[in-house]
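Understanding the architecture of this molecule
So the chains spell out like this:
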Amino acid sequence: METVVSGIRSTGNLHLGNYYGALRNFVKMQKENNCFFFIADYHSLTTHPDPKMLHGNVKNVLTEYLAAGIDPEISTIYVQSDVPEVCELYLLLNMHAYMGELSKTASFKDKARKNPENVNAGLLTYPTLMAADILMHNADRVPVGKDQEQHLEMTRKFARRFNNLYNVELFKEPKVYVEEGQELIKIPGLDGSGKMGKSEGNCIYLIDDPKTIEKKVKRALTDEGPKAPNSEKPDYIENLFTLLKVVSTQEVVDHFEEKWNTCEIRYGDLKKQLAEDMIKTTNPIRERIIDIQNDEAYLHKVTKMGAEKARESASKIVKEVRQIMGFKPF
Ligand code: TRP
């Protein structure tokens, strides 16, 4: 069984794009691997969030992941700041991470350009903290999107460098986790744009109630309908079909494809069906979110258990790192 580590940034609520793009695969992945999921609250500090918001943000993400099917009995789910081992490994790895390579990282350059008034050392060393997250469990695989590939590449570099420097074979070089035979699905937005995203403001959130979903879907961009049989669909209509394919049955999709091809399509019907099937996916999750949110005892138990399991795994590696680097007790 492989060890998989996945970090989740604690910002914002989860939407259908997150669910179908990644989360649903995680639910499956956890059954076949030794998975560590954690909420990267230290990482969120690079932007100085409001202390009043920090805990609430962590709670949100934790609750939504649990509600969507991450099982704390199967996986290890924890809050990064509950595991002090990560700080120690971060410090030690930083001694072998160089200013030149860190400042050349795409995400650093991008953030430094956007927020020139807050180019802090945490931002610069974001990749070493991420490497510590991954290497402290000696992960085999990490599920990351395109935007995080460079960070994973740096993790491999840090691992290799440590092994070479001390002439050991401690760290594995973690690879990207890709679901076999399954391309990552890109979930389009409801506004005709190609991607559902928080900053695009075109999301169906897992926490949205049925009325909200109906309203959002109703507002989705459409037109007069096709002018000729079997015509090509414009992007914004194609997007609605893509969403339908994700949440509805094949029969439903075939039905509307046919209506499109024969110019008999009624967007009102399609939207009604789309909203209904989206609600079928989100509603049970939303109900669990609400249950879990109000269950302080459960959240306490889950995070305590997660922290214990994560610390047990991490402390083994950190102990070895200390020995290798020459720390000795008196
Ligand atoms: N940097 C990741 C992101 O922005 C979050 C993250 C932090 C992470 N540590 C990680 C992801 C370790 C995978 C493994 O999405």
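Residues numbered from 1 in each chain as written. Predicted model: local features only at pLDDT ≥ 70, side-chain atom pairs only at ≥ 80, totals over all residues. Heavy atoms only, no water.

A word on the pattern of salt bridges
Per the counting criterion, the structure on display carries 19 salt bridges. Among the salt bridges present, the one from K157 reaches E101, with a minimum N-O distance of 3.2 Å. Taken together, the positions of K157 in helix α9 (residues 149-166) and E101 in helix α5 (residues 99-103) put the pair 56 residues apart, joining distant regions of the chain. On the basis of relative accessible area, K157 is assigned to the partly exposed category, the value being 34%. The exposure class assigned to E101 is buried, which follows from its relative accessible area of 12%. Put simply, D140 and K172 hold a salt bridge, and the shortest N to O gap is 3.1 Å. You can see D140 sitting in the loop between α8 (126-135) and β4 (141-142) and its partner K172 sitting in the loop between α9 and β5 (175-176), a full 32 residues away along the chain. By relative accessible area, which is 17% here, D140 ends up buried. Salt bridges sharing common partners tie together E101, K157 and R161. (Salt bridge = Lys/Arg side-chain N within 4 Å of Asp/Glu carboxyl O. Helix = DSSP H or I, 4+ residues; strand = E, 2+ residues; numbered from the N terminus. Buried < 20%, exposed > 50% of the residue type's maximum accessible area, 1.4 Å probe, protein only.)

Regarding the site of the ligand
By nearness alone, every residue bordering the ligand is listed as G7, R9, F38, H43, Y126, M130, D133, I134, V142 and Q148. Between Y126 and the ligand, the recorded distance is 2.8 Å, taken from a side-chain N or O atom to a nitrogen atom. Q148 places a side-chain nitrogen or oxygen 2.8 Å from a nitrogen atom of the ligand. Mapped onto the shell around the ligand, the elements with two or more residues apiece are β1 (3-9) and α8. Here the element with the most residues in the shell around the ligand is α8; it accounts for four residues. (Near = heavy atom within 4 Å. Polar contact = N/O pair within 3.5 Å; in protein donor to acceptor, adjacent residues only side chain to side chain.)

Side note on the packing of aromatic side chains
Under the criterion given, the structure shown has five aromatic pairs. On the numbers, 5.4 Å between centres and 40° between planes, the contact of F26 with F37 is tilted. With F26 in helix α1 (residues 16-32) and F37 in strand β2 (residues 34-40), this pair connects stretches of sequence that are eleven residues apart. Here the two residues F26 and F37 agree in accessibility, since each one is buried. (Phe/Tyr/Trp six-rings, centres within 6.5 Å; stacked < 30°, edge-to-face > 60°.)

A few points about the domain arrangement of the chain
Here the domain parsing of the chain yields domain 1 (3-186 + 296-325) and domain 2 (210-290). Relative to domain 2, the C-alpha centre of domain 1 lies at a distance of 36 Å. Across the contact, nine residues belong to domain 1 and nine residues belong to domain 2. The junction of domain 1 with domain 2 conceals about 760 Å² of combined surface from both sides, 77% of it contributed by carbon and sulfur atoms. One can count zero salt bridges joining domain 1 with domain 2. (Domains from an automatic or database assignment. Contact = heavy atoms within 4.5 Å. Buried area = accessible area lost by both parts, 1.4 Å probe.)

Focus on the pairing of strand β3 (residues 76-79)
In β3, alternate side chains face the same way, and those of T76 and Y78 on one face and I77 and V79 on the other are all buried. Where β2 and β3 come together, four bridges link them in parallel fashion. Among the inter-strand pairings, I39 is bridged to a residue of β3, identified as V79. (Pairing = 2+ DSSP bridges.)

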